[in-house]
Amino acid sequence: MRWSCLGNMAGCVVTALARADAAGDYADRMQDFGARLRLLSTLSWMREQAAATGATADMLVERLPSELSNAEQPVELGVSGQTLRVSLFDDRRGKWAEVPLPAALIP
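Here is a short report on the structure shown in this document. (Residues numbered from 1 in each chain as written. Predicted model: local features only at pLDDT ≥ 70, side-chain atom pairs only at ≥ 80, totals over all residues. Heavy atoms only, no water.)

1. Section: the overall build of the chain
Next, step 1: Secondary structure assignment for the chain yields 3 helices and 3 strands.
Next, step 2: Along the chain direction, N to C, the helices and strands of the chain fall in the order α-α-α-β-β-β.
Next, step 3: Buried residues in the chain amount to 31% of all 107 residues.
Next, step 4: Within the chain, counting contacts between residues at least 6 apart in sequence, those at least 24 apart form 43% of the total.
Next, step 5: Carbon and sulfur atoms provide 57% of the accessible area of the chain, an area that totals close to 7,200 Å². (Helix = DSSP H or I, 4+ residues; strand = E, 2+ residues; numbered from the N terminus. Buried < 20%, exposed > 50% of the residue type's maximum accessible area, 1.4 Å probe, protein only. Contact = heavy atoms within 4.5 Å. Areas by Shrake-Rupley, 256 points an atom, 1.4 Å probe, with all protein chains shown as cover.)

See below:
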């Protein structure tokens, strides 16, 4: 405990709680950053697979390799079928991160 906290115990408690909340947000943002990178890697992998095999986007999403899969933040097709998306933990700016599919992957 810091000596300055003896004179202002309430202030130290509030400051500690604020730091703990900020650290939680940081962890969520870092996981979301990883999910966004995985989303772009998935899009690149899907483009390569579609060119090589002619598979459609829905088939490719079902066959994602293990390094692109994550049970907590799975990559999936958007509602319209024209985007690829992943859910976000820090959803202050939206619930999903989405990227449009290239024309070759849209049925």
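2. Considering the sheet that holds strand β2 (residues 83-87)
Within a sheet, each strand pairs with its neighbour through backbone hydrogen bonds, oriented either parallel or antiparallel.
Next, step 1: Judged by pairing direction, the sheet is antiparallel, and its 3 strands sit side by side in the order β1-β2-β3 without closing on themselves. Since the sheet does not close on itself, it has two edges, and those belong to β1 (75-77) and β3 (96-100), each with one partner. Between one strand and the next, the sheet's axes are offset by a mean angle of 30 degrees, whatever the strand orientation.
Next, step 2: Bridge analysis of β1 against β2 gives 3 bridges, and the strand direction is antiparallel. When the sheet's bridge partners are listed, glutamate 76 is paired in β2 with arginine 85. (Pairing = 2+ DSSP bridges. Axes fitted to C-alpha atoms, helices over the stretch in contact; angles between N-to-C directions.)

3. Focus: the pattern of salt bridges
Next, step 1: A complete count under the given rule lists 2 salt bridges for this structure.
Next, step 2: Close ionic contact of aspartate 90 with arginine 92 constitutes a salt bridge, the shortest N to O distance being 2.9 Å.
Next, step 3: Looking at aspartate 90, the relative accessible area reads 18%, which means it is buried.
Next, step 4: We classify arginine 92 as exposed; its relative accessible area is 59%. (Salt bridge = Lys/Arg side-chain N within 4 Å of Asp/Glu carboxyl O.)

4. Notes on the pairing of β3
Next, step 1: What you see with β3 is a clean split: Ala97 and Val99 sit on the buried side and Trp96, Glu98 and Pro100 on the side with no burial.
Next, step 2: Examined bridge by bridge, β2 and β3 share 5 bridges and lie antiparallel to one another. Residue pairing across strands places arginine 85 opposite glutamate 98, the latter belonging to β3.

5. A few points about a nonpolar patch on the surface
Next, step 1: A cluster of nonpolar residues, Tyr26, Met30, Phe33 and Leu37, forms a patch on the protein surface that exposes about 420 Å² of accessible area.
Next, step 2: Of note, methionine 30 is situated in helix α2 (residues 9-53).
Next, step 3: For methionine 30, a relative accessible area of 42% puts it in the partly exposed group. (Patch = residues over 30% accessible without salt bridge, like charges linked within 9 Å, V, L, I, M, F, W, Y side chains within 5 Å.)

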